[in-house]
Every structure is written in C-alpha cells, then in structure tokens.
Amino acid sequence: MQTAVFLWAVPIFPPPSTQEDNFQPNMSFSVEERGNPNSLKYRLFFRNAEGKHISPFHDIPMFADESQNVFHMVVEVPRWTNAKMEDCNKRRVNPDKAGRKKGKLRYVANVFPHKGYIWNYGAIPQTWEDPSHKDGDTGCCGDNDPIDVCEIGSRVCSRGEVIKVKVLGILAMIDEGETDWKVIAIDVNDPEAKDLNNISDVKRLKPGYLEATVDWFKWYKVPDGKPKNEFAFNEEFKDKDFAIEVIKSTHNFWKDLISQNSSAGELNCKNTCVSASDSAYCCSQDEAKTAVCETCPCGKEEPIPSSVDKWFYYEK
C-alpha cells in the first residue's frame, strides 16, 4: 500500500536582531497524504519526529517556546488557495480533511478583491473553544474547534506544515452566533518578523491588511447564502497581550476536555500523550496506524473545478 510522506522544511533566514525571533526550522513533524488530493477522501495524517502517528489537535504542544510566548501553528490552508481543509476532530488521530458542503468539496468563494485565503490559515493545537462557555466579551459560546490563526508573513506555507509563530493580535468574530476568535500571527523565521511585534506594527507596516481581514471574514460566506459575519469590539483588533490571554484560556478549556472534566460530545479526544493505558482517551500506536490504514492510499490529484475561479461582487 503506497503512501506519500513529506517533511516540510522551513527556510532559514539571516539571524534576526532580537532573541525572540531566534528559532530554528521546525522539523519535528511530518505529514502523510492519503486519498486523492482534491477529493472527499483526501486526508493528511501527522507524525512526530520518531515517525509515530499523532493527533495534530491533541499531541502537538501548544507552545513552541513558552518562556517567549511562541506557539505552534498547524497550517491547514496556504495563502491564495480556496480549498477548505480542517481538523477532522471526530475521527481517531484527527487528520486534516477536505471540507465539504452539500456532499461536495468546499471551496471558499472569491469575494472581490480577495482571491482565496489572504493569509496562511490554520489553528493552534491543544486549544478548544468550548461550546458550553459563553464568552464575556462576545456574549456567545465557542465554536467547538481549536482557535484559528491567520499567519501574515511573506512566505506561502505548505498544507500540513507545522510552524512556530509569535502572536500579534486577535479579532473577535461572531459566526452564526458562535464565538470564533481569529489570531493574527507571524512565523518567527519570516524576514518581516523582527519588525512585527504587536497589532500596532501591522497597522503601521502593512496598511490596509487588517481592514482587508475584517472584510474577508465579514463576506466570505455570503456567496453560500449566509448572512455577513459580525464582530465584537466594533470590528477592532485587540493587542498581543489580550490575544495571548485568549489563547491560554482556550488551552485551559482543552485541558478540561482532555481530562474529561468537560463533555466531548462528538469530538474524538484519543491521543498518544495519555500514559495511562486504561484511560478512555489513550490511543496506542497500533490503533493510530489502523486509523491511517483504514483510509485510501494516496492517489492521483483530481482537477479543481473551474467554478472555483469565479468572482463575487457586493456593494460594501
């Protein structure tokens, strides 16, 4: 049975000027493709440095360097692409899978002037927006997913890549009545990282980017017949310190989830980090490997429908 295994290499740039940005490429994780790319059966399974299958939701540490508040980010959607990939949090070892809508692959629409995702998009592992917790700032409960990240560096990342990011700020989106935080961050190895340390730096050095981000999230579901999304704080981004506190709170919700102090509902919380073999969430390597082998081997990439390139225009 053939599989495709890729190790993503992050380029090394000249040493930055501050200690905070002085990190090496993250070679601790790799991905294994299963199924045909651009099909409903497509999956990305994750391995650690030892080649063992792991859950990107539960087994990749949230922090890359806790002392400096540097986080891991799992890249689900590279910038300028449209195919929605998301953590399959209801299946064992939580592979990334192709999103679906009405039984077909889900592609995010191009709402003029935006083409696909305008950042590298993904999530911070070991976080969870608790659907039973009403957020004091938004007045809405969480969306039952890891916290989302928009990485704004200069490089287009690869699908499934695990990168180290520093947080710059956060946007409080309300998506169909659910709290859906959007963290703004940058890869610590990006050449622009040394100059971007807070949300005010983004406003100063990337004028229009934050406004475009709000516009993107406000309108991206409208072509699907859904209403515009809303935002707390009058559509304003909160700063780095606020963002880090929100991330840490979602990490605490995740810890409650994984320790069975919160209801998992349909989520699959099995992971390879649980040491107690009698734990309901303990996933052995044999079980993890079985979950991978139950899927189709990697095959030929299927064509992307031409309709994905369609533009949508709205009076704003």
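See the structure printed just above.
These remarks concern the structure in this document. (Residues numbered from 1 in each chain as written. Predicted model: local features only at pLDDT ≥ 70, side-chain atom pairs only at ≥ 80, totals over all residues. Heavy atoms only, no water.)

**Here we look at unusual backbone geometry**
Part 1 of the argument: Residues Phe 112 and Pro 113 are joined by a peptide bond in cis, for which omega reads 10 degrees.
Part 2 of the argument: Tracing the chain through its elements places Pro 113 in the loop between strand E11 (110-111) and strand E12 (120-123).
Part 3 of the argument: The residue Asn 144 is not glycine, and still its phi comes out positive at about 70 degrees.
Part 4 of the argument: Considering the arrangement of structural elements, one finds Asn 144 in the loop between strand E13 (141-142) and strand E14 (148-151).
Part 5 of the argument: Asn 144 gets classed as partly exposed once you look at its relative accessible area, which sits at 24%. (Helix = DSSP H or I, 4+ residues; strand = E, 2+ residues; numbered from the N terminus. Buried < 20%, exposed > 50% of the residue type's maximum accessible area, 1.4 Å probe, protein only.)

**Details of the packing of aromatic side chains**
Part 1 of the argument: Overall, the coordinates contain 16 aromatic pairs when judged by the stated rule.
Part 2 of the argument: On the numbers, 5.3 Å between centres and 40 degrees between planes, the contact of Tyr 117 with Tyr 121 is tilted.
Part 3 of the argument: Three or more aromatic residues link up through ring pairs in this structure, and these residues are Tyr 117, Trp 119, Tyr 121, Trp 216, Phe 217 and Tyr 220.
Part 4 of the argument: The ring centre of Phe 233 lies 4.7 Å from the NZ or CZ of Lys 238, which sits over that ring.
Part 5 of the argument: Looking at Lys 238, its charged tip hangs above the ring of Phe 242, at a distance of 5.3 Å from the centre. (Phe/Tyr/Trp six-rings, centres within 6.5 Å; stacked < 30°, edge-to-face > 60°. Lys NZ or Arg CZ within 6 Å of the ring centre and 35° of its normal.)

**Brief notes about the nonpolar core**
Part 1 of the argument: One finds Phe 46, Trp 119, Ile 152, Trp 216 and Phe 217 to be the most contacted residues of the largest nonpolar core, which totals 37 residues.
Part 2 of the argument: For this core, the secondary structure elements donating two or more residues are strand E3 (43-47), strand E6 (70-77), strand E15 (162-175), strand E16 (178-187), helix H1 (199-205) and helix H2 (209-219).
Part 3 of the argument: Counting residues per element, this core draws most heavily on H2, at six residues.
Part 4 of the argument: Residues within four places of Ile 152 in sequence aside, it is in contact with Arg 79, Trp 119, Leu 168, Ile 184, Ala 185, Glu 192, Leu 196, Val 202, Lys 206 and Tyr 209. (Core = buried A, V, L, I, M, F, W, Y, C linked by side-chain atoms within 4.5 Å. Contact = heavy atoms within 4.5 Å.)

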